[in-house]
Amino acid sequence: MAAKEFSETHRVTFYETDVTNTVTPAMLINMIILASEDQTNSLGVGAKMVTELGIGWVVTQYKIDITRMPTNDETVKLTTRATCYNRYFAFREFWVHDETGQECVHIESILVTMNHHTRKIVSIPEEVITPFETEQVKMIPRLGRPKRLDDADQLMVKDYRVRYFDIDGNGHVNNSRYFDWLIDALPMSFLTRHRLVSMNIRFENEVQYHHDVKSEAALVTDSNDPIVTKHHILLDNGDVATEAECHWQPIMK
């Protein structure tokens, strides 16, 4: 039996877009997370229910493929399903379609359940996953690791301090914030002349309130792809919080 799909429409607002009037990666993530939360609520296994179990869902990785980003005032259809799972990991997919039915974005994600008190991964409770009618598998699909920055890279760097409003209900930085930090290390002259076509982002360590973090990025020069950038977020102790690999195409005028 195929996993249950859930769809809803969304009108893109001006505050979800950048100076090019297209949706930002961070706002794209907020849009699809809202769709997944609406599905969990409709199935009776929403945030209130899982919180009562002392756990929360945490995304560990996204792989995003973009045909085109939606634009300001456009109405799109958001679709999601919990495709498969095993004892500790769940694999969820998302799609964004325009009003003509054309696919704009496809997103694959890996999630775990985390105990709120111990901050450790725990097995996914059957009562939480069963309503999705998702397939139980031995191995979920692997999304691969992003290319890593190394000492030879010429880095672009920006520093940030975590604010109160960066923190979500799980007690750590909301995942969408990382997208802004990662991509903001690139200059505006690059971002206004290139469009993001794919992104692989992996979350390694939690970032919490009042942490100081550093966003570092570099252009890959040894890739067969036209334009690739590598990114990571470093904690003040030097640990990697998040790493990402982005693929770009020039915007044709």
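Every value quoted in this text rests on a predicted model; they were computed, and no experiment measured them.

1. Section: the domain arrangement of the protein
Part 1 of the argument: Partitioning the protein into structural domains gives domain 1 (5-136) and domain 2 (156-250).
Part 2 of the argument: Each of domain 1 and domain 2 has a C-alpha centre, and these two points are 20 Å apart.
Part 3 of the argument: In this complex, domain 1 contributes 22 residues to the contact, which on the side of domain 2 involves 21 residues.
Part 4 of the argument: Contact with domain 2 buries surface across domain 1, with Tyr 62, Ile 66 and Arg 119 losing the most and accounting together for 26% of the total.
Part 5 of the argument: One can count one salt bridge joining domain 1 with domain 2.
Part 6 of the argument: Taking the shortest distance from any N to any O, the salt bridge between Glu 206 and Arg 119 comes out at 2.6 Å.
Part 7 of the argument: Put simply, domain 1 and domain 2 have eight residue pairs in polar contact (both at pLDDT 80 or more) between them.
Part 8 of the argument: Mapped onto the side of domain 1 that touches domain 2, the elements with two or more residues apiece are α1 (25-42) and β2 (55-66).
Part 9 of the argument: Take the side of domain 1 that touches domain 2: its biggest share by element is 11 residues, from β2.
Part 10 of the argument: For the side of domain 1 that touches domain 2, the class distribution of residues is 11 nonpolar, seven polar and four charged.

2. Side note on the UniProt feature "domain: Acyl-ACP thioesterase N-terminal hotdog" (unreviewed entry) in the protein
Part 1 of the argument: In the numbering used here, UniProt assigns the feature "domain: Acyl-ACP thioesterase N-terminal hotdog" (unreviewed entry) to residues 4-131.
Part 2 of the argument: Each end of residues 4-131 is marked by a C-alpha atom, and these two atoms are 9 Å apart; helix forms 22% of the span and strand 41%.

How each quantity is defined
Residues numbered from 1 in each chain as written. Predicted model: local features only at pLDDT ≥ 70, side-chain atom pairs only at ≥ 80, totals over all residues. Heavy atoms only, no water. Domains from an automatic or database assignment. Contact = heavy atoms within 4.5 Å. Buried area = accessible area lost by both parts, 1.4 Å probe. Salt bridge = Lys/Arg side-chain N within 4 Å of Asp/Glu carboxyl O. Polar contact = N/O pair within 3.5 Å; in protein donor to acceptor, adjacent residues only side chain to side chain. Helix = DSSP H or I, 4+ residues; strand = E, 2+ residues; numbered from the N terminus. Nonpolar A, V, L, I, M, F, W, Y, C, P; charged D, E, K, R; others polar. UniProt positions renumbered as here; feature names shortened; annotations may be inferred.

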